[in-house]
Amino acid sequence: MKTTFLGLGLLVLLFSCKEDKTDEALVNREIKQYTIEQFMDNEAIGGGSFSSDNSSLLISSNRSGIYNVYTVPTTGGEMTAITTSDSTSIFAESYFPNDDRMLLSADGNGDEIDHLFVRDLEGNIKDITPEKGAKSTFYGWSDDDQYLYFGSNKRNPSYFDVYKMSIDDFSSELIYQDDSGLSFSGMSSDENYFALTKSLNTNDSDLFLYDVKTEEMTKINKNQSKNSSQDFSNDNSEFYYTTDDGGEFSYLMSYNLATKEKKKVLEKSWDIMGSGFTSEGKYMVIYVNEDGKNAIQVLDSKTMKPIDLPDFKDKSITSVGFSDDEKWMRMYAGGSNSPSDLYTYNLETKEQYKLTDVLNEAIDVEDLVTAKVIRFKSFDGVEIPAIYYLPHQASSENKVPAMVWVHGGPGGQSRQGFSSLIQYMVNHGYAVLAVNNRGSSGYGKTFYQMDDLNHGEKDLQDCVEGKNWLASQTEIDGDKIGIIGGSYGGYMTMAALTYTPEEFDVGVNLFGVTNWIRTLKSIPPYWESQRKSLYLELGDPFTADSIRLKRISPLFHTDKVTKPLIVLQGAQDPRVLQVESDEIVAGVRENGVPVEYVLFEDEGHGFVKKENQIESYSRILKFLDKYLKNENIPSENKNETTEIEDV
């Protein structure tokens, strides 16, 4: 089965005397401040499927204000708009293997019910998975290029079956039916083997291979561990997977389908996040989560030696993909101070082309801040990693306020990629410390499991210790430190204001959980295979665990909140329901505490439309200027509403 490679935008940290001098020079020059409109005039690019003749790439871009689909010549040139939606974001999935038809995807304004669409050669777009309420996911192309594979929960909302669809008439047939939560995670190109996973908890899973001919199910792992399907060899003799069995970090293994022999293929000092072969098997791509950034290697699959990749100096390669004939590679390269640009590279001629320039030309990259990885000791001696952004203008004579940033999850990770919101805050004089509290992924399974069944407790104390670390820095005003986060990070914001009410001076809650009992009871049906795992980590709301879940849910303790709060929410959010934010706002307001609420009717779990991002980020900065910096804001903002505002 032909698939694509995915990656995250991250930064390689380089330290040198030259950079130290540059930083010193930046402190001594005026740093230009940019508006949120200027920051959001950056372009976000994603995807990169080569056309059958390698002449162009199919990509997604938000240059129109929401995501639409575009093509761009492989050697550079103007982007051509394929879709022109002004309401729902549309994403590029892939060119068809042998012609210029295109596979696209879109949901309903953030409801996560994705459908697959085909744009034909005449420009007509057709929904090929039109079942109402069913979610569909593209898995890849058949080896003979005559079919596409996709997953859908149209038969049973709780489970995803695997279908094979003809690319001629778009008729489909069921080829794997899931009735037990064994999630599809890969298939051999001859369709003889399916890789299936069974989630045990949020870290561990069992991995199985199903033989279609013999109907034999073989369990690959012997011990409880984190196991993930990666790929099959092109001759279908070997199955590749990652596991952390016997270690802290995931490493790459192979399994011989004939002899059932297992071999360790590759091990790093960090998690190997992903691995896969190119179409003809010439190259193997390895993704490593190296201290919050992607470290990518492209190996010659015969020698298992890395091939030389272009040098992007202070940027790092964050994602790669290949043409079917393996002659071209596309790459994204960026850093914490610059969004990732798209490049192509001819593996035969060694010619390289830059296809995009996504940073707004009005922004001087020297005014932006490169993140640094720091570590601090928490209350019990556990070492906590964090990513630190210090404004250029900060010094012991010019102390700046700061924000503790908490990632989503649980189990997420703050990484060294570009964030318009973080850079906007830092550019306007706020330091940001993105804390990877215990329970974050990427630092070993022991660290990952440290917050199981104690959310809002030890993980919250890690955030408080992050605040204490900030307060100890000579450039930081220790009396002006707030906390910000989205989803699980939004929960941590509310937990901080509720359970440690004097530690942080303000809170910014983006679509955060406030009532764990309701959230865990309202898990979308398509998360059924993960539901029990979440209950093991957080607690089962249908058991005595509900007592603890109520105790750690900020909604039931809003009387303790004393510090200013802003809440931002999408009305279409299927994960954290709007009522979570409605009720926390109402509860905190009863204390007479300043509360602002921004509600977007056309967003889901996260804001993807530029106009909404501009509104939300500008509201956050105005809130911080008013309640953290305590600045005199312009008169037109002094009477800013604290009522629910539909945007």
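Residues numbered from 1 in each chain as written. Predicted model: local features only at pLDDT ≥ 70, side-chain atom pairs only at ≥ 80, totals over all residues. Heavy atoms only, no water.

Undergrad: What am I meant to see in the overall build of the protein chain here?
TA: Check the secondary structure of the protein chain and you find eleven helices and 37 strands. Over its C-alpha trace the protein chain gives a radius of gyration of 25 Å, about what one expects of a compact globule, namely 26 Å for 647 residues. For the protein chain, with 647 residues in total, the buried portion stands at 59%. Taking the intrachain contacts of the protein chain between residues at least 6 apart in sequence as the baseline, contacts between residues at least 24 apart amount to 54%. Of the roughly 25900 Å² that the protein chain leaves accessible, carbon and sulfur atoms contribute 46%. (Helix = DSSP H or I, 4+ residues; strand = E, 2+ residues; numbered from the N terminus. Rg over C-alpha atoms; globule rule 2.2 N^0.38 Å. Buried < 20%, exposed > 50% of the residue type's maximum accessible area, 1.4 Å probe, protein only. Contact = heavy atoms within 4.5 Å. Areas by Shrake-Rupley, 256 points an atom, 1.4 Å probe, with all protein chains shown as cover.)

Undergrad: Whenever I open this one, the pairing of strand S22 (residues 283-289) confuses me. Can you help?
TA: Along any regular strand, the residues point their side chains to alternate faces of the sheet. Most of S22 is tucked away: seven of the seven residues are buried. What you see with S22 is no split at all: Tyr283, Val285, Tyr287 and Asn289 on one side and Met284, Ile286 and Val288 on the other are buried throughout. Pairing of strand S21 (residues 271-277) with S22, which is carried by six bridges, proceeds in the antiparallel orientation. Each bridged residue has a counterpart across the sheet, and for Ser275 the counterpart in S22 is Ile286. In textbook terms, the turn of a hairpin is the stretch between consecutive antiparallel strands, and for S21 and S22 this stretch comprises five residues, one of which, Gly281, has a positive phi near 85 degrees. (Pairing = 2+ DSSP bridges.)

Undergrad: It is not clear to me how the packing of aromatic side chains should be interpreted in this structure. Could you clarify?
TA: Two aromatic rings, taken as a pair, are described by how far apart their centres are and by the angle between their planes. This model, assessed by the stated rule, comprises 24 aromatic pairs. Between Trp270 and Tyr443 the ring centres are 6.3 Å apart and the planes differ by 80 degrees, which places this aromatic pair in the edge-to-face class. Placement of the pair is Trp270 in the loop between strand S20 (262-266) and S21 and Tyr443 in the loop between strand S32 (431-435) and helix H4 (445-448), with a sequence separation of 173 residues. In this structure Tyr443 comes out as buried when scored by relative accessible area, which is 13%. Connected via pairs of aromatic rings, a cluster forms that spans Tyr139, Tyr176, Phe184 and Phe194. Here the basic side chain of Lys264 rests over the ring of Tyr251, its NZ or CZ set 4.4 Å away from the ring centre. The side chain of Lys550 reaches across the aromatic face of Phe556, ending 5.2 Å from its centre. (Phe/Tyr/Trp six-rings, centres within 6.5 Å; stacked < 30°, edge-to-face > 60°. Lys NZ or Arg CZ within 6 Å of the ring centre and 35° of its normal.)

Undergrad: Mind showing me how you'd approach the sheet that holds strand S13 (residues 183-187) here?
TA: Spatial ordering of the open sheet is given by S13-S14-S15-S16, a layout of four strands whose pairing is antiparallel. The sheet terminates laterally at S13 and strand S16 (217-219), the two strands that pair on one side only. Direction aside, neighbouring strands of the sheet carry axes that sit 30 degrees apart on average. Note: S13 against strand S14 (residues 193-199), four bridges, orientation antiparallel. Bridge pairing in S14 places Met187 opposite Phe194. (Axes fitted to C-alpha atoms, helices over the stretch in contact; angles between N-to-C directions.)

Undergrad: Sorry, what's going on with the pattern of salt bridges here?
TA: Between side chains of opposite charge, a pair can form as their charged atoms come close. A full pass over the atoms with the stated rule returns 29 salt bridges. Between Arg518 and Glu583 there is a salt bridge, with the nearest N and O atoms lying 3.1 Å from each other. Residue Arg518 is located in helix H7 (residues 516-521), and its partner Glu583 is located in helix H10 (residues 578-589); the two are separated by 65 residues in the primary sequence. In the salt-bridge network here, residues are joined through shared partners; they are Lys315, Asp341, Lys354 and Asp357. (Salt bridge = Lys/Arg side-chain N within 4 Å of Asp/Glu carboxyl O.)

Undergrad: Whenever I open this one, the packing of helix H3 (residues 420-427) against helix H11 (residues 610-627) confuses me. Can you help?
TA: A packed helix pair is summarised by two numbers, namely the angle formed by the two axes and the spacing between the axes. Following both chains from N to C, one finds H3 and H11 inclined at 30 degrees, their axes separated by 11 Å at the closest point. Between H3 and H11 lies a crossing whose hand is right-handed. Of the residues in H11, those in contact with Leu421, Tyr424 and Met425 of H3 are Tyr617, Ser618, Ile620, Leu621 and Leu624. For the contact of H3 with H11, the residue count by class is seven nonpolar, one polar and no charged. (Left-handed = near helix turned anticlockwise from the far one by under 90°. Nonpolar A, V, L, I, M, F, W, Y, C, P; charged D, E, K, R; others polar.)

Undergrad: How should I be thinking about the nonpolar core in this particular structure?
TA: The tendency in soluble globular proteins is for nonpolar side chains to be buried as a group. In this structure, Val404, Leu433 and Leu470 are the most contacted members of the largest nonpolar core, which totals 52 residues. Ignoring any residue separated from it by four or fewer positions in sequence, one finds Leu433 in contact with Ile374, Phe376, Ala386, Ile387, Tyr388, Met403, Val404, Trp405, Gly466, Trp469 and Leu470. Grouped together as the second largest cluster of nonpolar side chains are 38 residues, Tyr430, Leu568, Leu621 and Leu628 included. (Core = buried A, V, L, I, M, F, W, Y, C linked by side-chain atoms within 4.5 Å.)

Undergrad: Looking at this model, I keep getting lost on the side chain of Asp231. Mind explaining?
TA: Note on placement: Asp231 falls in strand S17 (residues 227-232). A polar side-chain atom of Asp231 sits 2.8 Å from the main-chain amide nitrogen of Phe277. Setting aside residues no more than four positions away along its own chain, Asp231 makes contact with Glu238, Phe239, Tyr240, Ser275, Gly276 and Phe277. (Polar contact = N/O pair within 3.5 Å; in protein donor to acceptor, adjacent residues only side chain to side chain.)

Undergrad: Got a minute to help me understand the sheet that holds strand S19 (residues 251-256) in this structure?
TA: Strands in a sheet are paired, the pairing made by backbone hydrogen bonds, and the direction either parallel or antiparallel. Pairing in this open sheet of four strands is antiparallel, and the strands run S17-S18-S19-S20 from one edge to the other. Each end of this open sheet is capped by a strand with a single partner; those strands are S17 and S20. Mean inter-strand twist for the sheet, computed between neighbouring axes without regard to direction, equals 30 degrees. Two elements, S19 and S20, share four bridges in a ladder whose sense is antiparallel. Its bridge partner lying in S20, Tyr255 is registered against Lys262.

Undergrad: When you look at the environment of Ala81 in this model, what are you seeing that I'm missing?
TA: Structurally, Ala81 is set in strand S4 (residues 80-81). Taking the C-alpha atoms as reference points, Ala81 and Ser60, separated by 21 residues in sequence, lie 9.6 Å from one another. Residues within four places of Ala81 in sequence aside, it is in contact with Val69 and Tyr70.

Undergrad: Could you clarify how one ought to interpret the packing of helix H5 (residues 458-471) against helix H6 (residues 488-499) in this entry?
TA: The N-to-C vectors of H5 and H6 enclose an angle of 80 degrees; their axes lie 10 Å apart at closest approach. Taken together, the axis directions place H5 and H6 in an arrangement best described as roughly perpendicular. Across the interface between the two elements, Asp459, Leu460 and Cys463 of H5 pack against Tyr488, Met492, Ala495, Ala496 and Tyr499 of H6. Its residues assigned to classes, the contact of H5 with H6 comprises seven nonpolar, no polar and one charged. (Parallel < 35°, antiparallel > 145°, perpendicular 65-115°, else oblique.)

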